[in-house]
Amino acid sequence: MTETPQPDEVTGPIDHPTPVRSMYRLQLRPDALTFADARALAEYLQQLGISHLYLSPILTAAHGSTHGYDVTDPTTVSAALGGPAGLKALADEVRARGMGLIVDLVPNHVGVADPRQNPWWWDVLRNGKGSQFAHFFDIDWSPGNGAGGRLALPVLQSENDPAALTVDRSGPEPMLALHDLRFPIAPGTDGENALRIHDRQHYRLVSWKAGVCTYRRFFAVSSLAAIRQEDPAVFEATHRELAAWCEHDLIDGVRIDHPDGLADPAGYLAKLRRLIGPNRLLLVEKILSHREPLDATLPIDGTTGYDALNVFGGVLVDPAGEQALTELSNELCGHGSDAEWFADTEHRIKRAVAEKLLVPEVRRLVAAIKRDAGAEDFDTMALTNATIEALSHVPVYRTDYAPLAGLLSGVVAEIERRNGELAAPLAVLVRALAASGEAAVRFHQVCGAITAKAVEDTMFYQAARLVSLQEVGGDPARFGRSALEFHLANAERARRWPASMTTLSTHDTKRGEDVRARIGVLSQVAETWSRAVAAWNDITPPPDGATALFLLQNMFGVWPADGRDAAAVPGLRERLHLFAEKAVREAGTRSSWEEPDAEFEAELHGWIDAVIDGPVGAELGELVTRLAPHAWSDALAQKLLQLCGPGIPDLYQGCELWEDALVDPDNRRPVDFGARLAMLQSLTGTPDLDASGAVKMWVVAYALWLRRERPDCFVGGAYHPLFGTGERARHLLAYGRGRSGEPPQVIVAATRHSVGLAETGWGDTALDLPSGTWTDRLTGYTCTGPVRAEKLFARLPVALLVR
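Attention here is on the structure that accompanies the text. Since the structure is predicted, the reported quantities are computational estimates derived from the model, not experimental observations.

Each value, and the rule that gives it
- Residues numbered from 1 in each chain as written.
- Predicted model: local features only at pLDDT ≥ 70, side-chain atom pairs only at ≥ 80, totals over all residues.
- Heavy atoms only, no water.
- Helix = DSSP H or I, 4+ residues; strand = E, 2+ residues; numbered from the N terminus.
- Rg over C-alpha atoms; globule rule 2.2 N^0.38 Å.
- Buried < 20%, exposed > 50% of the residue type's maximum accessible area, 1.4 Å probe, protein only.
- Contact = heavy atoms within 4.5 Å.
- Areas by Shrake-Rupley, 256 points an atom, 1.4 Å probe, with all protein chains shown as cover.
- Lys, Arg positive; Asp, Glu negative; His and termini not counted.
- Charge placed at Lys NZ, Arg CZ, Asp CG, Glu CD.
- Axes fitted to C-alpha atoms, helices over the stretch in contact; angles between N-to-C directions.
- Left-handed = near helix turned anticlockwise from the far one by under 90°.
- Nonpolar A, V, L, I, M, F, W, Y, C, P; charged D, E, K, R; others polar.
- Pairing = 2+ DSSP bridges.
- Core = buried A, V, L, I, M, F, W, Y, C linked by side-chain atoms within 4.5 Å.
- Expected span 1.5 Å × (residues − 1).
- Bend = angle between axes of the 7 residues up to and from the residue.
- Phe/Tyr/Trp six-rings, centres within 6.5 Å; stacked < 30°, edge-to-face > 60°.

**Description of the overall build of the protein chain**
Secondary structure summary: the protein chain contains 26 helices and 27 strands in total. Scaling as 2.2 N^0.38, a compact globule of 803 residues should have a C-alpha radius of gyration of about 28 Å, and the protein chain matches this with 27 Å. On the principal axes, the C-alpha backbone points of the protein chain span a range of 85 × 70 × 55 Å. A total of 803 residues make up the protein chain; the buried ones form 61% of that total. If you take every contact in the protein chain between residues at least 6 apart in sequence, the share linking residues at least 24 apart comes to 73%. Element-wise, carbon and sulfur atoms account for 52% of the exposed surface of the protein chain, whose accessible area totals about 29,500 Å². In the protein chain, 78 side chains carry a positive charge and 105 a negative one; their mean positions are 3 Å apart.

If you want it as structure tokens, here you go:
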């Protein structure tokens, strides 16, 4: 490429964090990407223009973990990744290049799937309430906890499982054995009969279907046990390593996983800020619901970017396609008006989640409500119903953040207005919440879990109008975003949260950025898509219309765009089968994780094969190829809009080229970095818009280089909305960036809704530029004063103009 980037100058010892300009997310895993592997990538990422490597969790996790969120020992750096020495070597490597590290911390839970791997959990199982770690976990030891006052572990798969219990005496201590699992035997309780030994333990093995679990979990995941960060001893133990990283200047920032699960997120973050100091970046995985503001009283720099993701993608969705896609959704899914369907369905699914998946958590919450309200004798069923009704109508993850004051009272008032019979149990709930004790804490923790499981993990797999809108933190009832919304959201971020993270893909997104961009193009060809789906369902009838509509959009998103037969693409068939199985089980309408419908799933797998191998797959491929230039146009547009927009952009590993990721674990596949380095070094001129993805890398690199060259224009810089003129002005999206209080030095321009432009052209559409001569860093095109869109976008559908 035309620039040979050099390391930023580093003189003398670094006693303050390196300013974060951009981040590159690395999914570390022992079998594919260790600290040593990350060190080897540092030069490539420096050449690409990245300022900071953003690491997935690096504390000791479950053996073989490919994500690191199942931490089993929060007091040690993962030996499988390279241990403390490997981390130090990585930090030294990036520091020497003028770069830095951001680490991902998991404060809410630890992994307990294999008790032997978690020393704290093992000690609690062995010693019960007398364990020195018993207070680390949120355990209900009360006699009425459903397990006779013992710690209930929902690990039994069938009623016959207890008969499979044996005693394993092969190691230094005897253990109860259930298939591959091992559990400790408390001192003085050993014997010959495994069942009798089990009956004498501090824990009780129960069926996962029994709805009994006496420890708080991460959502409904029994293999992840929540820990009590509100306890100073727990905070100290779980943040000892983080404190050391800060003390030795190994890191420049930290990302906090799911703070909404904590008892007191605001208090926790205040304590964390004191630990890491005022200058290190602090980001939180806070999922903001529609129009929910981020709490400005929190001592943080921003979120992990889902709010921005939905803005960057939504502004490219064409509102003209809403009616046709809504009609198709209604025909195949029976969803009627999608806005009404989403509202009704969210409430219904939230109730189902509370009544089925989160029974232990709700039961414990209701018991706390009774205690805090002084209403021990109140009817449990009535109070449970009222509590679930309140939880299922809360429109956010939790309501105890400062900007949301009064929200919960409005929810309760509306419930009482609709159903006067709930007045008495609601009064009990209100008394308990007003006491600001255990019940209030548990209410907010359960509320977030219900929202996550109901909306992201269920409803977003049932809806099928335009699945690219069904993303974490998204509001698919709203069909895209207007340009005016886009600009105001960006201006707000520039002013209030200039160092917030922005992203397009993460390890948790439902589908990757380029897949979403391609699916979004269907909004521009809604009639064509509707006719095609109807014809395909006649040619190869699916076992369920709603499931087919959902899956066909995702197939469209990942289908090869270079004319190849999908059946010949390595791994694609298997990936689609795995995705379909997960999708229908998450949706829960025709199959589920709890009770898989083997017959339906077999029919579904047969249909997928028939689509891939038959005429439907051929026609789908033709449509993908025909629309590929528009999909690439949208993918480049959202990427450039993100990279130069307000906030600090994060690139998810591998996404500097076209990517075709579906939901996890598909989006955590190893990345071929060698191919990316070779491509970066081979680029010498503006690439073509084609299937190679070279043009995306070109855009990414030039945007990142510009952030490095003119940092004051970006983090903390001004944001200037720009608008086109002429008959196709709505197809032009542009903004300026510059130092605060000064005219723009950089202008970003992008094409939107390009399908219509292919027929009409830009006509007289133009963009007024501030005074001066402007050069497009992507193509070398130079211009002044109003520039015609057809000239600005003659080579690429995006432009990066520099004064």
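**Some words on the packing of helix 17 (residues 513-520) against helix 19 (residues 545-558)**
Put simply, helix 17 and helix 19 touch, their axes get as near as 8 Å, and they point 115° apart. Once helix 17 is placed against helix 19, the crossing between them reads as right-handed. Contacts between helix 17 and helix 19 involve Val515, Arg518 and Ile519 on the former and, on the latter, Gln553, Asn554, Phe556, Gly557 and Val558. When grouped by side-chain class, the residues that make up the contact of helix 17 with helix 19 number four nonpolar, three polar and one charged.

**Here we look at the pairing of strand 24 (residues 773-776)**
The side-chain alternation of strand 24 yields one buried face, formed by Trp774 and Asp776, and one unburied face, formed by Thr773 and Thr775. Relative to strand 25 (residues 782-784), strand 24 runs antiparallel, the two being bridged by three bridges. Paired with Thr775 across the strands is Thr782, a residue of strand 25. In terms of strand pairing, strand 24 meets strand 27 (residues 798-802) through two bridges, oriented antiparallel. In the strand pairing of strand 27, Thr775 is matched with Val802.

**Things to note about helix 8 (residues 306-314)**
Most of helix 8 sits out of view: seven of its nine residues are buried. By the burial criterion, the buried members of helix 8 are Tyr306, Ala308, Leu309, Asn310, Val311, Phe312 and Gly314. Tucked into the core, helix 8 has its buried residues touching helix 16 (483-496), strand 17 (501-502), helix 17 and helix 22 (615-644).

**Focus: the pairing of strand 1 (residues 23-26)**
Both faces of strand 1 are covered, namely the face carrying Met23 and Arg25 and the face carrying Tyr24 and Leu26. Note: strand 1 against strand 18 (residues 648-652), three bridges, orientation parallel. If you follow Arg25 over to strand 18, its bridge partner there is Tyr652. Where strand 1 meets strand 2 (residues 52-55), four bridges bridge the pair, whose relative direction is parallel. By the bridge assignment for strand 2, Arg25 is matched with Tyr54.

**Focus: the nonpolar core**
Core analysis: the largest hydrophobic core is formed by 210 residues, its most contacted members being Leu26, Leu48, Leu53, Leu242, Trp245, Trp529 and Leu800. Excluding anything up to four places from it in sequence, Leu242 contacts Val103, Leu105, Ile251, Val254, Leu272, Leu275 and Ile276.

**Side note on the environment of Ile388**
You can see Ile388 is positioned in helix 12 (residues 380-393). On the basis of relative accessibility, which here comes to 4%, the residue Ile388 falls in the buried class. Taking the C-alpha atoms as reference, Ile388 lies 59 Å from Ser682; in sequence the two are 294 residues apart. Setting aside anything within four residues of it in sequence, one finds Ile388 in contact with Arg351, Ala354, Glu355 and Val362.

**Remarks on helix 22**
Under the 1.5 Å per step criterion, the end-to-end length of helix 22 is 42 Å for 30 residues, consistent within 8% with the ideal 44 Å. The axis of helix 22 is deflected most strongly, by about 55°, at Leu627, and proline Pro629 appears within four residues downstream. Counting buried positions along helix 22 gives 23 out of 30 residues, so the element sits mostly inside the fold.

**Focus on unusual backbone geometry**
It is generally the case that most residues other than glycine have a negative phi and that most peptide bonds are trans. A cis amide bond links Asp664 with the next residue in sequence, Pro665, at an omega value of 5°. Position of Pro665 among the secondary structure elements: in the loop between strand 18 and helix 23 (673-682). Its identity as a non-glycine residue notwithstanding, His258 has a phi of 40°, on the positive side. Tracing the backbone shows His258 in the loop between strand 14 (253-256) and helix 7 (265-276). The class for His258 is buried, based on a relative accessible area of 8%.

**Regarding the packing of aromatic side chains**
Both the distance between ring centres and the angle between the ring planes are used here to describe each pair of aromatic rings. The full count for this structure, using the stated rule, is 21 aromatic pairs. Where Trp698 meets Tyr702, the ring centres are 4.9 Å apart and the plane angle is 55°; that geometry is what we call tilted. Residue Trp698 and its partner Tyr702 are located together in helix 24 (residues 694-709), separated by four residues, close to a single helical turn. Residue Tyr702 is classed as buried on the basis of its relative accessible area of 6%. Look at Tyr702 and Trp705: their rings are 5.0 Å apart centre to centre, the planes differ by 70°, and that puts the pair in the edge-to-face class. Of this pair, Tyr702 and Trp705 both sit in helix 24, three residues apart, which is roughly one turn of the helix.

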